[in-house]
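Inside the fold
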Amino acid sequence: MILQADQLSKAFGSTQALDKLSLSIEAGSFFGLLGPNGAGKSTFMSIVSGFLTQDSGSLTLDNSKLDPNNIEQKKKIGLSPQHIALYKELSAETNLKLFGKLYGLRGKELHQQIEYALEVAQLTERRKSPVKEFSGGMKRRLNIAAALMHKPKILLCDEPTVGVDPQSRNAIFDTLLELKASGMTIVYSTHYMEEAERLCDQIAIIDAGKILRVGSLDTLLQELPRTNLIRARANTLDTQQAATLSTFGDVQQTGSSLQLQTAPDFKLSSFFKWTEEQNLEATHFQIAHPSLEDLFLHLTGKDLRE
Ligand SMILES: Nc1ncnc2c1ncn2[C@@H]1O[C@H](COP(=O)(O)OP(=O)(O)OP(=O)(O)O)[C@@H](O)[C@H]1O
């Protein structure tokens, strides 16, 4: 394990931001922290990177206790914070130079890392432009690249796609996946389940400062009851057909749409045999598989995006 948190707690006044949070992150993994706003994701990342101190609990980095004053340990961690931390009046290149110098890079190494970071951010052509002229996506890419200047082993990425257009979002995903392929450990916080599903090897579901579950997508989803959700247009079914549909599970009608939560003994083959016999077009039926959103609802009784 490259990073372990043991019973980490942090309160801000009466708000318990982290509540005895424990987790283990494997070296080289793409680890997702999935939770709603206020779950404690940023607080966790700020403590790991030494910007905040926990009230209790400990962190272990590469088998040594993490000490915020230990410079060698600090160099292993890069944080791309949720709020863009760049100097708007300065160019991309100068921003990177400043970040590099903060981490003690000088001379040839500093210049090599600037070239590398500009390439990662896909901003080599715009190196001389001030950050204030950049789009949201360009700023976000530079915010990530700045965190890479000192060649960290772990990159903490705090909600890097908020306020980013779809094209830049895909560019960020590609960059992070390339970094992971090169051996870097990525810790990625998000409240978008699609991002966690698409990117992460391991996902920790976090709410109110506690880790509710950790596992791969498949393992997590196994916890949900094995039912299918089938949606149909109500106006394509007559009364008799709607009644037969209810033999396959629980039917709920809202306006012109029907939702069928299938029974435990439900067989997809019998269902489609019936739809064929009835001349019902399969395109009018939509099968939804359980998602992390459903799991979050199952665990907390609330929506991930509330
Ligand atoms: N500096 C602070 N002062 C007071 N309360 C804080 C501070 N930082 C965080 N909190 C509170 O701690 C809780 C956890 O916040 P945190 O920012 O870690 O959550 P998050 O999961 O990152 O969500 P978000 O995406 O909204 O930042 C929230 O209730 C938040 O209001």
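Residues numbered from 1 in each chain as written. Predicted model: local features only at pLDDT ≥ 70, side-chain atom pairs only at ≥ 80, totals over all residues. Heavy atoms only, no water.

**Quick notes on the overall build of the chain**
This is how it is decided: Only DSSP runs of H or I reaching four residues or more are called helices, and only runs of E reaching two or more are called strands; each is numbered from the N terminus. With a 1.4 Å probe rolled over the protein chains alone, any residue whose accessible area is under 20% of its type maximum counts as buried; one over 50% counts as exposed, and the rest are partly exposed. Residue-level accessible areas treat just the shown protein chains as cover; the underlying method is Shrake-Rupley with a 1.4 Å probe. By the counting scheme adopted, Arg and Lys are positive, Glu and Asp are negative, and His together with the chain ends is not counted. Here the site of a charge means NZ on Lys, CZ on Arg, CG on Asp, or CD on Glu.
Across its full length, the chain holds 11 helices and 14 strands. Overall, the chain is about 80 × 45 × 35 Å in size when its C-alpha atoms are taken along their principal axes. A buried classification covers 45% of the 306 residues belonging to the chain. Entry remark: accessible area of the chain is about 15,600 Å², with carbon and sulfur atoms responsible for 48%. Across the chain, the centroid of the 33 positively charged side chains sits 9 Å from that of the 36 negatively charged ones.

**Some words on the site of the ligand**
Threshold: For this purpose, a residue is taken to be near a molecule or strand whenever a single non-hydrogen atom of the residue falls within 4 Å of it. In protein, a polar contact means a hydrogen-donor-capable atom and an acceptor-capable atom, both N or O and within 3.5 Å, with residues adjacent in sequence counting only if both atoms are side-chain atoms; elsewhere, any N or O pair within 3.5 Å suffices.
The ligand sits among 13 residues. The nearest are Gly-38, Lys-41, Ser-42, Thr-43 and Glu-159. In this structure, Gly-38 approaches the ligand through a main-chain N or O atom, which is 2.7 Å from an oxygen atom. The contact in question runs from an oxygen atom of the ligand to an N or O atom on the backbone of Gly-40, over 2.9 Å. With the chains in place, 61% of the 620 Å² that the ligand exposes on its own is no longer accessible. If one sorts the elements of the shell around the ligand by residue count, helix α1 (residues 41-48) sits on top with 3 residues.

**Description of a nonpolar patch on the surface**
What counts is decided by this rule: In this scheme, patches are assembled from residues that exceed 30% relative accessible area and form no salt bridge. Like charges are connected within 9 Å, while nonpolar side chains (Val, Leu, Ile, Met, Phe, Trp, Tyr) are connected within 5 Å. When a carboxyl oxygen of Asp or Glu is within 4 Å of a side-chain nitrogen of Lys or Arg, the pair counts as a salt bridge.
A surface patch of nonpolar side chains, about 260 Å² in accessible area, is lined by Tyr-87, Leu-90 and Leu-98. Its relative accessible area of 31% is what places Leu-90 among the partly exposed residues.

**Some thoughts on the sheet that holds strand β4 (residues 56-61)**
Selection criterion: Pairing between two strands requires that DSSP report at least two bridges joining them. Should any heavy atoms of two residues lie within 4.5 Å, those residues are counted as being in contact. Orientation is described by lines fitted to C-alpha atoms, with helices fitted over the stretch in contact, and by angles between N-to-C directions that extend from 0 to 180 degrees.
Pairing within the open sheet is antiparallel, and its 4 strands lie in the order β2-β1-β4-β5. The two strands at the open ends of the sheet, each matched to only one other strand, are β2 (15-25) and β5 (64-65). As paired elements, β4 and β5 share 2 bridges and run antiparallel to each other. Paired with Leu-61 across the strands is Ser-64, a residue of β5. Where α1 meets the sheet, it contacts β1 (3-12), β2 and β4, and its direction lies at approximately 115° from that of β1.

**Considerations on helix α10 (residues 268-277)**
Note the threshold: To obtain the arc, one takes the directions from the helix axis to the C-beta atoms.
Turning to α10, its buried residues are Phe-271, Trp-274 and Thr-275. Summarising the axial view, the buried residues of α10 lie within an arc of 100°, below the 170-degree limit, and thus occupy one face. Those residues of α10 that are exposed and angled more than 90 degrees off the buried face are Ser-269, Lys-273, Glu-276 and Glu-277. Buried residues along α10 sit in contact with β11 (229-233), α9 (239-245), β13 (257-262) and β14 (285-288). Looking at the residues trailing α10, positive phi occurs at Asn-279, about 60°.

**Details of the nonpolar core**
Stated formally: Throughout, nonpolar core names a set of buried Ala, Val, Leu, Ile, Met, Phe, Trp, Tyr and Cys residues whose side chains join them through atoms within 4.5 Å.
One finds Leu-155, Leu-176, Tyr-188, Ile-203 and Leu-292 to be the most contacted residues of the largest nonpolar core, which totals 29 residues. Secondary-structure elements contributing two or more residues to this core are β3 (30-34), β7 (154-158), α6 (166-181), β8 (185-190), α7 (193-199), β9 (202-207), α8 (217-221) and α11 (292-300). Take this core: its biggest share by element is 4 residues, from α6. Among all residues touching Leu-155, those that are not within four sequence positions of it are Gly-78, Ile-144, Ala-147, Leu-148, Leu-176, Leu-179, Met-184, Thr-185, Ile-186 and Val-187. Phe-44, Leu-61, Ile-77 and Leu-156 belong to the second largest nonpolar core, which has 25 residues in total.

**Brief notes about the pattern of salt bridges**
Two side chains bearing opposite charge may form a pair once their charged atoms approach each other closely. Tallied over the entire structure, the rule returns 15 salt bridges. Put simply, Arg-127 and Glu-115 hold a salt bridge, and the shortest N to O gap is 2.6 Å. In this pair, Arg-127 is assigned in the loop between α4 (107-120) and α5 (136-146) and Glu-115 in helix α4, connecting sequence segments 12 residues apart. Ionic pairing is found between Asp-201 and Lys-180, a salt bridge with its closest N-O pair at 2.9 Å. Placement of Asp-201 in the loop between α7 and β9 and of Lys-180 in helix α6 is noted, with a sequence separation of 21 residues between them. Lys-180 sits in the partly exposed class, given a relative accessible area of 23%. Residues joined in a network through salt bridges with shared partners are Glu-93, Glu-115, Arg-127 and Lys-128.

**Side note on unusual backbone geometry**
Positive phi outside glycine occurs at Gln-7, with the angle close to 55°. Backbone geometry places Gln-122, a non-glycine residue, at a positive phi of 55°.

**Quick word on the packing of helix α3 (residues 92-102) against α4**
The line we're drawing: Roughly parallel here means an angle under 35 degrees, roughly antiparallel means over 145, roughly perpendicular means 65 to 115, and every remaining angle is called oblique. By definition, turning the near helix anticlockwise from the far helix through less than a right angle yields a left-handed crossing, and turning it clockwise yields a right-handed one. In the scheme used here, Gly and all other residues not listed as nonpolar or charged are polar, with Ala, Val, Leu, Ile, Met, Phe, Trp, Tyr, Cys and Pro taken as nonpolar and Asp, Glu, Lys and Arg as charged.
The interhelical angle for the contact between α3 and α4, taken along N-to-C directions, is 130°, at an axis separation of 10 Å. One finds that α3 runs oblique with respect to α4. Remark: the crossing between α3 and α4 carries right-handed chirality. Of α4, the residues touching α3 (which contributes Ala-92, Glu-93, Leu-96, Lys-97, Gly-100 and Lys-101) are Leu-110, Ile-114, Ala-117 and Leu-118. Counted by class, the contact of α3 with α4 contains 6 nonpolar, 1 polar and 3 charged residues.

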